[in-house]
Number of protein chains: 2
Amino acid sequence: MNATEDMPPAEPVGSRASRIVIVGAGFAGLEVAKELGKAGLPVVLLDRQNHHLFQPLLYQVATAALSATDVAEPIRKILRKYESVQVLLGEVTKIDLQRHSLELADGSAVGFDYLILATGATHSYFGHTDWARFAPGLKTLADARRIRARSLLAFERAERTVDPEDQERYMTLAVVGGGPTGVELAGSLAELSRFTLARDFRSARPESAKIMLIEAGPRILPAFSEESSAYALRRLEKLGVQVFTGAPVEEITRDQITFAGHTIPVGLVLWAAGVAASPLVAQLGTETDRAGRVAVDSTMRVKGLQNVFVMGDAALFLDDDGKPLPGLAQVAKQQGRHLGRSLARHLREGTPLSPFVYHSRGNTAIVGRHAAVFEQGRFRLTGWIAWLFWAIIHVYLLVGFQHRMTVSLQWLWRYLTFERGARLVTDDSVEASPVETQSASKRRAG
Amino acid sequence: MNATEDMPPAEPVGSRASRIVIVGAGFAGLEVAKELGKAGLPVVLLDRQNHHLFQPLLYQVATAALSATDVAEPIRKILRKYESVQVLLGEVTKIDLQRHSLELADGSAVGFDYLILATGATHSYFGHTDWARFAPGLKTLADARRIRARSLLAFERAERTVDPEDQERYMTLAVVGGGPTGVELAGSLAELSRFTLARDFRSARPESAKIMLIEAGPRILPAFSEESSAYALRRLEKLGVQVFTGAPVEEITRDQITFAGHTIPVGLVLWAAGVAASPLVAQLGTETDRAGRVAVDSTMRVKGLQNVFVMGDAALFLDDDGKPLPGLAQVAKQQGRHLGRSLARHLREGTPLSPFVYHSRGNTAIVGRHAAVFEQGRFRLTGWIAWLFWAIIHVYLLVGFQHRMTVSLQWLWRYLTFERGARLVTDDSVEASPVETQSASKRRAG
């Protein structure tokens, strides 16, 4: 937690075109790049992927409702019209504050005058890194594809075995973590097995699959009101999901999960319990919280540094009440837009950076087909109206027009037929035992 | 080439419900399963993938025009309504003709009375198996994803380097093999670089990428007339593709290709030069041709065996002129339908198996955006009418209704905008050096 006091001061404003480097093309990184691009400032945007990911819909890729191309868009395409913005594919391995330089995995270096880190969050297994192998989390398209493959293969194995015990085990799926992602995954898996797959098998009976949602705290959706939380619980139970609360996970192995004294044979465990800031930001050596988020001031500047900013899930930004802003797409998007405008004015007119104020547009979680909870302050909505609200907002927010069109069509189709077109296992070998997951040890971007 | 004379004769007809096992859910396997399912006969269909692949459009997935879900459909979904058909995911490793049994990769066994092999073809590197690593071929969705990632990464590398020589090398792409697949890949890559990517980069200039099509024989599209072949050549050259004929490849390494005395630095080599029957059929120990295709009689029964059939790309079926039928989707489809009907009648009524006669619906190759060649006997069509013809036929042939709808929309969209939504690299690490290809050593199905 020691700031690098020996770092030279930032370049004087206006001396020459300052080089701005953004790491990460999530919601925050894209917005800041767009605003700086509009102002015609030279920007380099680095990401380890060539696409921007619409993470709020990623669970639908994992449960075979949408395909990868529906929720991702090439970064170059999004930023094509901003000619001063250069997009580079690359993984940052080292931040050198003394030399104002980033080191990439291939050994090359990228210099900066201003550095904006928007590298997001990754899974946290609370020290149990060995669980990552058996309980994949959901952050990237590769994660989603892996989870989809494992879920579908669990049913395929159930169809092929003749041992009833094995069959029961294969069709027991556990989701760890009762936040919005866990609730969405459990609801979507229940629908996949109850409706979509039910008619497809001869020996296995996917409709009787056991879906468990396991939460350590006293209730699911803790960020919502008790009423919304109770509604979500009722809906999940109606879908046949077994919800366990006050049940911290004690052990996860290849085919068993232990929680609250039970040890249950499972075919698949998904991890939606914890996130931490991407490890890259720890290299700044400045103040962080327990989740690794970097403390920033009201302008998103890193406390103790002059020319480095952190936004989005990797930042610890305290609101007026001293509470950290949540890790939501809308927070990241608003922060990116604000910093882009504020920094552009600062660099061109010398005005000081302006403080960011978050305007919540409400909080949503999807429980299943036309069932959701929505809250904004004291305004609450549950049921299919909340779901419709969510669906419209999300289609609207999708980056490209083509996506809006095809996603709407797919949803309409799925709504009418319970069909899921994206039910594909596309990995090389389906016979392989559970694929090693690497997500936990990887950053989301940069 | 020794038939297993000591094999016991097939079960007497009608004694009990005969167990029919089909290996491979390509065009031939699916059709035979449908026909036997219609007749209510018990069938097990084995495939190592959970999806049927519409291979004629696979090159569009490889060049980012379509996404995987557009050209693939879950096998269970296609066969859902045929209740006597059980679909099993599994890889056949051994055919035991004595015991009438198949061994799967996981050690389990599946017994059969009748065995239908429709395992398709795989790449053939003509003995140079070491080339497979550097020059991937196109048979599976995993292949397509790999080729897409490598093509897009070649341009990303060009954007990141500052060395003009490296930049030129990265943007040199070679396609080996001047048959329909090679022509389609080269044309589609040229369009991808000239139109779609041209506007996306700042330093690299994808529109000046060098696309080479390398054919060992005297002309491209040798299965077509000389006129069609000349038309395809003109169109490719108009797209900026450099076509080399009479140029057998001598060596392929990580970053070079040698042919006809030239050694040229390349960023990517794609292999579309040769196919061979899937290696599984060689276990029958019966007569094959040089490409490993199994000689079958006019009923598709393997010569020398009583109860084993081979269809599609893995079969050597001679027409009335003694010429082998080509490896086309329409041949496989017709064979599957015929055998299904013929075998159902045989099993239920004791009628002998009937001989198969192929009815060609013509032969197409796509050179680029609204440019194709079509030939049926002496009837020939080139240009955009042939292209439209092809587009309509292919959308019509796509298995699911949802696919027809979304593929039509995507094509319309792409036609109007030159945009390609599927331009995604979704593998875990983009920094990795070329991914190992395993395709060459793998069977397509079964």
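These numbers were taken from a predicted model, which means no experiment stands behind them.

Colleague: What exactly am I supposed to notice about the overall build of chain A here?
Modeller: Summing up its helical and strand segments, chain A has eleven helices and 24 strands in all. Once local pairs closer than 6 in sequence are excluded, the contacts in chain A between residues at least 24 apart make up 67%.

Colleague: Sorry, what's going on with the packing of helix α1 (residues 27-38) of chain B against helix α8 (residues 329-349) of chain B here?
Modeller: Helix-helix packing is described using two parameters, namely the angle between the two axes and the distance between the axes. Residue and element names in this part refer to chain B. For the pair α1 and α8, interaxial distance at closest approach is 7 Å and the crossing angle is 25°. Considering their axes alone, α1 and α8 lie roughly parallel with respect to each other. Both α1 and α8 take part in a crossing whose hand is right-handed. Along the contact surface, α1 presents Phe27, Ala28, Gly29, Leu30, Glu31, Val32, Lys34, Glu35 and Leu36, while α8 presents Ala329, Ala332, Lys333, Gln335, Gly336, Arg337, Leu339, Gly340, Arg341, Leu343 and Ala344. Of the residues assigned to the contact of α1 with α8, the class counts are ten nonpolar, four polar and six charged.

Colleague: Hey, could you run me through helix α1 (residues 27-38) of chain A in this one?
Modeller: Three or four residues apart is the spacing at which side chains of an α-helix point the same way, because the helix has 3.6 residues per turn. All names here are of chain A. Given a rise of 1.5 Å per residue, twelve residues ought to cover 16 Å, and the 17 Å separating the end C-alpha atoms of α1 matches this to within 8%. α1 sits mainly inside the fold: eleven of its twelve residues count as buried. Residues of α1 that are buried: Phe27, Ala28, Gly29, Leu30, Glu31, Val32, Ala33, Lys34, Glu35, Leu36 and Gly37.

Colleague: Looking at this structure, I do not really get unusual backbone geometry. What am I missing?
Modeller: What you tend to see is this: most non-glycine residues have negative phi, and most peptide bonds are trans. Not every positive phi belongs to a glycine, and A:Phe126 is a case in point at roughly 50°. Relative to the helices and strands, A:Phe126 resides in the loop between β10 (121-123) and α5 (141-160). Non-glycine residue B:Met300 carries a positive phi angle of around 75°. Position of B:Met300 relative to the elements: it lies in the loop between β19 (294-295) and β20 (308-310).

Colleague: Explain α8(B) here, please?
Modeller: All names here are of chain B. Compared with the 30 Å implied by 1.5 Å per residue over 21 residues, the 30 Å span of α8 between its first and last C-alpha is a close match. All of the buried residues along α8 are Val331, Ala332, Lys333, Gln334, Gln335, Gly336, His338, Leu339, Gly340, Ser342, Leu343 and Ala344. Residues of α8 that are buried in the fold lie against α1, β9 (114-117) and β20. Following α8 by one or two positions, Gly350 has its phi on the positive side, about 75°.

Colleague: Looking at this model, I keep getting lost on the sheet that holds strand β9 (residues 114-117) of chain A. Mind explaining?
Modeller: The strands that make up a sheet pair up through hydrogen bonds in the backbone, lying either parallel or antiparallel. Residue and element names in this part refer to chain A. Ordered by their spatial adjacency, five strands build an open sheet running β5-β2-β1-β9-β20, and the pairing between neighbours is parallel. Two strands in the sheet have a free side with no partner beyond their single neighbour: β5 (85-89) and β20 (308-310). Put simply, the sheet's adjacent strands are angled 20° from each other on average, direction ignored. Examined bridge by bridge, strand β1 (residues 20-23) and β9 share four bridges and lie parallel to one another. Bridge assignment links Val21 to a residue of β9, and that residue is Leu115. Against the sheet, α1 makes contact with β1, β2 (43-47), β5 and β9, and its axis sits at roughly 165° relative to β2, the strand it touches most.

Colleague: Even after reading the chapter, I still don't get the sheet that holds strand β16 (residues 262-265) of chain B, so can you show me in this structure?
Modeller: All names here are of chain B. With antiparallel pairing, three strands are arranged side by side in an open sheet as β14-β15-β16. For this open sheet the edge positions go to β14 (249-252) and β16, each flanked by a neighbour on one side alone. The average angle at which neighbouring strand axes cross in this sheet is 15°, direction not considered. Two elements, strand β15 (residues 256-259) and β16, share four bridges in a ladder whose sense is antiparallel. Each residue of the ladder has a partner; that of Thr258, found in β16, is Thr263.

Colleague: I keep staring at the confidence of the model for chain A and nothing clicks. Help me out?
Modeller: It should be kept in mind that the predicted coordinates are not to be read in detail where pLDDT is low. Residues and elements named next belong to chain A. Averaged over all residues, the pLDDT of chain A equals 85, while 85% of them reach at least 70. For residues 1-15, every residue scores under 50 in pLDDT, and the model assigns this stretch 20 contacts once sequence neighbours within four places are set aside. In this model, residues 428-446 is a region of pLDDT below 50 whose contacts with residues beyond four sequence positions or in other chains number 66 contacts. We note a pTM of 0.81 for the whole complex and an ipTM of 0.73 for its interfaces.

Colleague: How do you make sense of the pairing of strand β7 (residues 101-104) of chain A when you look at a structure like this?
Modeller: Looking down a regular strand, the side chains alternate between one sheet face and the other. Residues and elements named next belong to chain A. Going residue by residue along β7, you find Leu102 and Leu104 tucked away on one face and Ser101 and Glu103 left uncovered on the opposite face. Inspection of the sheet shows strand β6 (residues 92-96) paired to β7 by four bridges, in the antiparallel sense. Bridging across to β7, Lys94 finds its partner in Glu103. Between β6 and β7, which pair antiparallel one after the other, the connecting turn spans four residues, and His100 there sits at a positive phi close to 55°.

Colleague: Even after reading the chapter, I still don't get the pairing of strand β7 (residues 101-104) of chain B, so can you show me in this structure?
Modeller: All names here are of chain B. Pairing geometry for β7 and strand β8 (residues 109-111), over three bridges, is antiparallel. From the neighbouring strand, Ser101 faces β8, where its bridge partner is Gly111. Hairpin remark: β7 followed by β8, antiparallel, with four residues in the connecting loop; positive phi at Gly107, about 95°.

Colleague: Can you help me understand the environment of B:Val266 in this one?
Modeller: When you line up the elements, B:Val266 lands in the loop between β16 and β17 (268-271). Excluding residues within four positions of it along the chain, B:Val266 makes contact with B:Arg169, B:Thr172, B:Leu173, B:Ala174, B:Asp255, B:Gln256 and B:Ile257.

Rules behind the numbers
- Along each chain, numbering runs from 1 in the same order as the chain's sequence is written.
- All chains are assigned letters beginning with A, and all ligands numbers beginning with 1, in the order in which they are written.
- Reporting of local features is limited, given that this is a predicted model, to residues whose pLDDT is at least 70; pairs of side-chain atoms are given and counted only at 80 or more, and all residues count toward the totals for whole chains, interfaces and linings.
- Helix and strand assignments follow DSSP, with helices taken as H or I runs no shorter than four residues and strands as E runs no shorter than two, numbered in order from the N terminus.
- What counts as a contact is two residues whose backbone-derived C-beta atoms lie within 7 Å of each other.
- Axes here mean lines fitted to C-alpha atoms, for a helix over just the part in contact, with angles spanning 0 to 180 degrees between N-to-C directions.
- An angle below 35 degrees is read as roughly parallel, one above 145 as roughly antiparallel, one from 65 to 115 as roughly perpendicular, and any other as oblique.
- Note on convention: the crossing is left-handed when the near helix lies turned anticlockwise from the far helix by less than a right angle, right-handed when the turn is clockwise.
- Three classes are used, and their members are as follows: Ala, Val, Leu, Ile, Met, Phe, Trp, Tyr, Cys and Pro are nonpolar, Asp, Glu, Lys and Arg are charged, and the others, Gly among them, are polar.
- Between the first and last residue of a helix there are one fewer steps than residues, each counted as 1.5 Å, and that sum is the expected span.
- Field definition: a residue is buried when 20 or more other C-beta atoms are found within 10 Å of its C-beta, exposed when 12 or fewer are, and partly exposed for counts in between, with C-beta atoms placed from the backbone.
- When DSSP finds two or more bridges between two strands, those strands count as paired.
- pLDDT is a per-residue confidence score from the predictor, ranging from 0 to 100.

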